[in-house]
Amino acid sequence: MSPAPFATISLPDEASTQAFGACLAPLLGAGDSLLLVGEIGAGKSVLSRAIIQTRLAALDRLEDVPSPTFTLVQTYDLGSLELWHCDLYRLVDPGEIDALGLDDAYARAITLIEWPDRLGADLPHNALVLALRPADTGEGRMLTLTELGGNWTARLAPCLRQAA
């Protein structure tokens, strides 16, 4: 049986998606994995960029945050740890994952993984699933949150209040 979502929030525009990412960013630490689910254009990259840029800004660094669609993995040095942004869209076999070194990253880094279905059954521990879909009306998105380990419900309480 798969875990039930603990929250669904409305993100009415790109700015609200970025604000949620900015709120979430400082709550993440080594061993945390975010699994970003949604069709192309759902907002996965917008949310990922907001998280990465917020963490870099805390270090007084401004960097371009490209999509790792072609590189598969883009890493960011956050001082005491790394952040790995992964886009697994182009992978066709879960066996290809081994070459990326994700198992090590799961233990010591923050991992943001777009298209986590490509991982097969080998999902990271302490993961939060962020499923984005278009809102029923307008340009916004609906974000559904499901924890696969860890205490995400309590940790995300400030961001859920902010988004309400």
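Residues numbered from 1 in each chain as written. Predicted model: local features only at pLDDT ≥ 70, side-chain atom pairs only at ≥ 80, totals over all residues. Heavy atoms only, no water.

A. Structural detail: the pattern of salt bridges. This model, assessed by the stated rule, comprises six salt bridges. Linking E63 and R61 is a salt bridge whose minimum nitrogen-to-oxygen distance equals 2.6 Å. Residue class for R61 comes out partly exposed when judged on its relative accessible area of 27%. Among the ionic pairs, R118 bridges to D117, the shortest N-O distance being 2.7 Å. Looking at D117, the relative accessible area reads 52%, which means it is exposed. It is possible to trace a salt-bridge network through shared partners that takes in E82, D104 and R108. (Salt bridge = Lys/Arg side-chain N within 4 Å of Asp/Glu carboxyl O. Buried < 20%, exposed > 50% of the residue type's maximum accessible area, 1.4 Å probe, protein only.)

B. Spatial organisation of unusual backbone geometry. Phi angles above zero are rare outside glycine, and D60 is one such case at about 60°. Residue placement: D60 occurs in the loop between α2 (44–57) and β3 (73–77). Unusually for a residue other than glycine, W115 sits at a positive phi of about 65°. One can find W115 in the loop between β5 (110–114) and β6 (127–134). W115 sits in the buried class, given a relative accessible area of 12%. (Helix = DSSP H or I, 4+ residues; strand = E, 2+ residues; numbered from the N terminus.)

C. Region of the structure containing the packing of helix α1 (residues 14–24) against α2. Between α1 and α2, whose axes approach to 8 Å, the crossing angle comes to 45°. Overall, the two elements α1 and α2 adopt an arrangement that is oblique. Taken as a pair, α1 and α2 cross one another with a handedness that is right-handed. Residue-level inspection shows E14, T17, Q18, F20, G21, A22 and L24 of α1 in contact with α2, the latter providing V46, L47, A50, I51 and T54. Residues of the contact of α1 with α2, tallied by class, amount to seven nonpolar, four polar and one charged. (Axes fitted to C-alpha atoms, helices over the stretch in contact; angles between N-to-C directions. Parallel < 35°, antiparallel > 145°, perpendicular 65-115°, else oblique. Left-handed = near helix turned anticlockwise from the far one by under 90°. Contact = heavy atoms within 4.5 Å. Nonpolar A, V, L, I, M, F, W, Y, C, P; charged D, E, K, R; others polar.)

D. Main features of the sheet that holds β6. Reading across the sheet, the seven strands line up as β1-β7-β6-β2-β5-β4-β3 and stay open at both edges, with mixed pairing between neighbours. Strands with a single pairing partner mark the edges of an open sheet, and in this sheet they are β1 (7–11) and β3. The mean angle between the axes of side-by-side strands here comes to 20°, regardless of whether they run parallel or antiparallel. In terms of strand pairing, strand β4 (residues 82–87) meets β5 through five bridges, oriented parallel. Bridged to D87 within β5 is E114. Against the sheet, α2 touches β2 (33–37), β3, β4, β5 and β6, its axis set at about 160° to β5. (Pairing = 2+ DSSP bridges.)

E. Examining the packing of aromatic side chains more closely. Within this structure, the stated rule accounts for one aromatic pair. Note on Y89 and W115: the rings are 4.8 Å apart at their centroids and 55° apart in plane angle, and the pair reads as tilted. One end of the pair, Y89, is in the loop between β4 and α3 (102–108); the other, W115, is in the loop between β5 and β6, with 26 residues separating them in the sequence. Residue class for Y89 comes out partly exposed when judged on its relative accessible area of 36%. Just above the ring of W152 sits the side chain of R155; from NZ or CZ to the centre is 4.1 Å. (Phe/Tyr/Trp six-rings, centres within 6.5 Å; stacked < 30°, edge-to-face > 60°. Lys NZ or Arg CZ within 6 Å of the ring centre and 35° of its normal.)

F. The arrangement of α2 in detail. Here α2 spans 20 Å end to end across 14 residues, near enough to the 20 Å set by a 1.5 Å rise per residue. Among the residues making up α2, those that are buried are K44, S45, L47, S48, A50, I51, I52, R55 and L56. The secondary structure elements touched by the buried residues of α2 are α1, β2, β3, β4, β5 and β6. (Expected span 1.5 Å × (residues − 1).)

G. Broad picture of the nonpolar core. Residues F20, L34, I51, L130 and L145 are the most contacted members of the largest nonpolar core, which totals 31 residues. Where this core is concerned, the elements lending two or more residues are β1, α1, β2, α2, β5, β6, β7 (141–147) and α5 (157–163). Those residues in contact with I51 that lie beyond four places of it in its chain are G21, L24, A25, L28, L34, L83 and L112. Within the second largest apolar cluster, 18 residues are counted, among which are C86, L88, L100 and I113. (Core = buried A, V, L, I, M, F, W, Y, C linked by side-chain atoms within 4.5 Å.)

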